[in-house]
Amino acid sequence: MAECLKFVLEKVTDLLEEKVNLVKGARRDVEYVRDELERVIAFLRNADSAGSCDPELDVWVKQVRVLAHDIEDIIDNFVHQIHDRRDGFPGNLISYAKKLKTRYQMASEIQEIKSRMKDVAERHQRYGYLKSVPNPGSSMSGTSSEIDRRGDALLLEEGELVGIDDRRNEVVSRVLEGGLRLQVVSVVGMGGSGKTTLVKKVFDDGFVKKHFHNHAWITVSESFKMEELLKDVIQQLYGQVKLPVPLELGTMNSSRLKAIVKDFLRQKKFLLVFDDVWSAEAWEGIKHVLPDENQGSRVIITTRARDTVENDDCVYEMDPLSEKDSWILFSQKVFRGDSCPAHLVDICKNILRRCGGLPLAIVAISGVLSTKKVTNIDQWKIFMNGVGSELEGNDRLGSLKAIMLLSFNHLPDYLKPCFMYLSKYPEDHLIGHNTLVRLWIAEGLVQQKEGRTLEEVAEGYLNELINRSLMRPMVTNDDGSVKASCIHDFYRELIVQKSSEQNLMTLSSSENILWTKRVRRLSIHGTFHDNGVERYGSRLCSLQSFGAVDSVSVSRILQLIENCKMLKVLDLRGIPLETCPEIIFQLFHLKYLCLRKSRIKKLPRSVENLRKLEVLDLKETRITKLPIGILKLKHLRQLLVYHHVPSSYISYNYVNAFKALKGIGHLKSLQKLGFIQVGRGGRALKEIASMTKLRKVSLTKLRAIDSAVLCAMIENLCKITSLGLRAVEGDILDLQLVSSPPPFLQRLYLNGRMQQFPYWIQSLSSLVKIYMRWSRLGDDPLQYLQDLPNLVHIEFLEAYTGQILCFKAGKFQKLKLLGLDKLAALKSVIFEEGASPLLEKLIIQRCALLESIPFGIERLTNMKVLEFFDMPGEFIVSGDEHWKFKHIPNVHLTYWRDGFWEVCPLEGSGKNEKSCESGGSIVRSQEQRNWL
């Protein structure tokens, strides 16, 4: 809540700093409001960190929240009206009178706010009940019953973690193996995943007990004190060898306690478990106590925070239970060994899906269901449809909620609103990180930090949530960065409740159409037929739609927009609009506009009215030309205008770009521009060269005659991280004149014929991915790429006309993905000893002269996928070669036969895929026709 108020405080401060003409006395009132907000924010941060649960405080916070939202609306409305008046003729008396009226109106409203603030403060003794808030430095934030409940929840019974023996054996092997140096084994996972139960099983293992001389189990917890932790360690270690603890133990300071622990453990082979380490800072303070005397000692830590783990740690990820194991655990707890009745199977599977493989959630939910009669199907359906409300109101689920709340309450102030914001997404929705970063920024949830862009700060927020196991990575980029995530259903239920309480987000769906009268952000899931839009929409600042495609819903959404003059975020992706509604371009405060995947073909010139717009997302629309008015959007940071056109060949899409406007260089704030047709003469290239904040840009229809201008542009874009270049078909893509390449370039997409490989690419130490298509180089491009230290992904399509591609010994140390396509003369691919040791995926397709599988494929022990796609009929893998790729889980050939693709898994691979990608209406698997 404190962070949301801070955003309002910034608006008030900006209003004062802009020296806007205010009527007499109004400035003092605004200053009073600013000062009071500063005090409130400080108070709320203190209350949040203390974990207070005071009902009176909740009421007071709610009143302050309403005041803050009203302040925001007053300022936004004032700025809007003042802006409108500036467009009038200076000498117009009517315009002057309207300006004056606006200032008096704003002064009156601020005076009322000031009065309300005083009333709220005095009614609650001017925040005097601060004494009821616990000291944030106290040893534990919460009641003893809450602490006990958390402890019970953390330690599941052994029988409640299906498959624990296999997991235990894996962790035991990691503990027992290795050299004599002190090693740390980190068990990482979200709360309730069974980390503590698993590690306790390892700790108690007979072989482990015999392997180490001394053992200790230390619970760290969120609010541990180092002195108390060290005393615990000393008492356990001394107790094992039946020695009395030092008499002065109770009065010793931290330094003396550390010395005792180090002295005791020196020259001993010990195993210490530190359970529930909450942060990297906490672990940093603990690990320096542990001596490394080459005795083969081990430390196990359990943590929810991935950033606690160090590079040299041995990490065990607590993945969710599989569907099979989840069902076994669920059935054991609910039906006590009996099978699930047929009439409850679908209901139970639906409930189980919500548990997301989380053992604690399965056990807690099972405990509730075990009390229900199997004959009363209505009770089961009611529970299935109201799991979220059960989580809030059912005492039997208290332990589960306590675990979830611990992770939420431990978040720093700036992360709480960002995490609650995720409540806007429907269940099981894949959350794209690029889009989320743009939305957080537009919503004002990201704090500016010196030396970093807002995008970089927001990406840091995302990484923090992932590190804390609150978001689960689902799709990763080639370099290991996360592209899309999801959140557990129960975390979603928690933040839906929290964001509703704080009026951060309101959800509207066919099941939930209850609105408050002060809706700030609205997320529409599916149909939208609510009739309260005229009454409730005026204060709306954010509107997003997921799947509202029927005509009634679209009509009601447009009606809602018409009543929402304060909108800052408008996301209408997927809505079947043929034309762009003019009402959108009357939204003066709009910062984020997404019309992605609509049917719009043209953007009106009135887009110039959106002077505050920062993101314009027109991906997958039918727009290929932008109006000249776009050049007036000086705050635009992201301009995305293109759509993919599927090609006739599987896996390749072409992109339709928009035509470059004369004057595009005026958009100095742009960070992402794609895709844009540059046209003739190099004018657009010169303008783009002046847009020095660009980080990602993709250009099409490049011509050889403009190569000097293109190279100069590349040199000037020193902050660029992703560069896509595509030449006009048949023309040369000449990049030889680049002398100072962009130092931070990570992704390079080169499409077009090249006479020479650009030598400067060899110096791109940050390069992660390179695509070369239709280059038709005579020289082996690998010789120029082999020493790039961070190269992960290479793709060649008609990029090389030679007969041999050789990956030299010791080169391409980080390469993970390699795609070779339509290399017409290629006869052999060779991997020498030590080349590409991390390669995971190799796809070779349409190489008509390739004679055999790659030489040295058996050396690539990290391989997971080997695919030969659309290979000639002569390409046959002989039976005596199967041993070379037996270690690879997925290996198959794909042929084009009689109008359809046929995927033939190769005999001998670890896990044969028996799926086929269809190019027609018929697909045959290997069981139907064996090609080998």
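Keep in mind that what you see is a predicted model, and the values were worked out from it rather than measured.

## Side note on the sheet that holds strand E8 (residues 482-486)
Now for step 1: Ordered in space as E6-E8-E7, the 3 strands form an open sheet in which the pairing is antiparallel. For this open sheet the edge positions go to strand E6 (431-432) and strand E7 (472-476), each flanked by a neighbour on one side alone.
Now for step 2: By the bridge criterion, 4 bridges tie E7 to E8 in an arrangement that is antiparallel. Pairing of Arg-472 across the sheet is with Cys-486, part of E8.

## Observations concerning a nonpolar patch on the surface
Now for step 1: Taken together, the side chains of Leu-430, Met-474 and Val-475 present a nonpolar region at the surface, about 240 Å² in accessible area.
Now for step 2: Mapped onto the fold, Met-474 is located in strand E7.
Now for step 3: Given a relative accessible area of 43%, Met-474 falls into the partly exposed group.

## Remarks on the environment of Asp-706
Now for step 1: Looking at the secondary structure, you find Asp-706 in the loop between strand E20 (696-702) and helix H25 (707-716).
Now for step 2: A relative accessible area of 8% means that Asp-706 is categorised as buried.
Now for step 3: For Asp-706 and Arg-680, which are 26 residues apart along the polypeptide, the C-alpha to C-alpha distance reads 8.0 Å.
Now for step 4: Beyond its immediate sequence surroundings of up to four residues, Asp-706 is in contact with Gly-679, Arg-680, Gly-681, Gly-682 and Leu-685.

## Details of helix H7 (residues 195-203)
Now for step 1: Among the 9 residues in H7, 8 count as buried, and that is most of the element.
Now for step 2: Restricting attention to buried positions, one finds in H7 the residues Lys-195, Thr-196, Thr-197, Leu-198, Val-199, Lys-201, Val-202 and Phe-203.

## Things to note about the pairing of strand E26 (residues 817-821)
Now for step 1: Most of E26 sits out of view: 4 of its 5 residues are buried.
Now for step 2: Relative to E26, strand E24 (residues 793-797) is paired through 5 bridges, and the arrangement is parallel. The residue of E26 that forms the bridge with Glu-795 is Gly-819.
Now for step 3: Sheet analysis places E26 next to strand E28 (residues 841-845), joined by 5 bridges and oriented parallel. Across the sheet, the residue bridging to Leu-820 is Ile-844, located in E28.

## Things to note about the packing of helix H12 (residues 323-335) against helix H13 (residues 345-355)
Now for step 1: With their axes 11 Å apart at the nearest point, H12 and H13 run at an angle of 115 degrees to one another. Considering the relative orientation of H12 and H13, their crossing is right-handed. Two secondary-structure elements touch here, H12 through Ser-326, Trp-327, Phe-330 and Phe-335 and H13 through Val-345, Cys-348, Lys-349 and Leu-352.
Now for step 2: Considering only residue class, the contact of H12 with H13 consists of 6 nonpolar, 1 polar and 1 charged.

## Considering the packing of H12 against helix H14 (residues 359-369)
Now for step 1: One can describe the packing of H12 onto H14 by two numbers: an axis separation of 8 Å at closest approach and a directional angle of 30 degrees. In terms of orientation, H12 and H14 fall into the roughly parallel class. Two packed elements cross with a definite hand, and for H12 against H14 that hand is right-handed. Between H12, through Ser-326, Leu-329, Phe-330, Lys-333 and Val-334, and H14, the contact on the second element is made entirely by Pro-359, Ile-362, Val-363, Ser-366 and Leu-369.
Now for step 2: When its residues are assigned to classes, the contact of H12 with H14 shows 7 nonpolar, 2 polar and 1 charged.

## What to know about the environment of Thr-302
Now for step 1: Tracing the chain through its elements places Thr-302 in strand E4 (residues 298-303).
Now for step 2: Of the residues examined, Thr-302 reaches a relative accessible area of 1% and is grouped as buried.
Now for step 3: On a C-alpha basis, the gap between Thr-302 and Thr-219 in space is 9.6 Å, while along the polypeptide they are 83 residues apart.
Now for step 4: When neighbours within four sequence positions are excluded, Thr-302 is seen to be in contact with Val-187, Lys-195, Thr-196, Val-199, Phe-274, Asp-275, Asp-276 and Val-277.
Now for step 5: A polar side-chain atom of Thr-302 sits 2.7 Å from the main-chain amide nitrogen of Asp-276.

Parameters and conventions
- Residues numbered from 1 in each chain as written.
- Predicted model: local features only at pLDDT ≥ 70, side-chain atom pairs only at ≥ 80, totals over all residues.
- Heavy atoms only, no water.
- Pairing = 2+ DSSP bridges.
- Helix = DSSP H or I, 4+ residues; strand = E, 2+ residues; numbered from the N terminus.
- Patch = residues over 30% accessible without salt bridge, like charges linked within 9 Å, V, L, I, M, F, W, Y side chains within 5 Å.
- Areas by Shrake-Rupley, 256 points an atom, 1.4 Å probe, with all protein chains shown as cover.
- Salt bridge = Lys/Arg side-chain N within 4 Å of Asp/Glu carboxyl O.
- Buried < 20%, exposed > 50% of the residue type's maximum accessible area, 1.4 Å probe, protein only.
- Contact = heavy atoms within 4.5 Å.
- Axes fitted to C-alpha atoms, helices over the stretch in contact; angles between N-to-C directions.
- Left-handed = near helix turned anticlockwise from the far one by under 90°.
- Nonpolar A, V, L, I, M, F, W, Y, C, P; charged D, E, K, R; others polar.
- Parallel < 35°, antiparallel > 145°, perpendicular 65-115°, else oblique.
- Polar contact = N/O pair within 3.5 Å; in protein donor to acceptor, adjacent residues only side chain to side chain.

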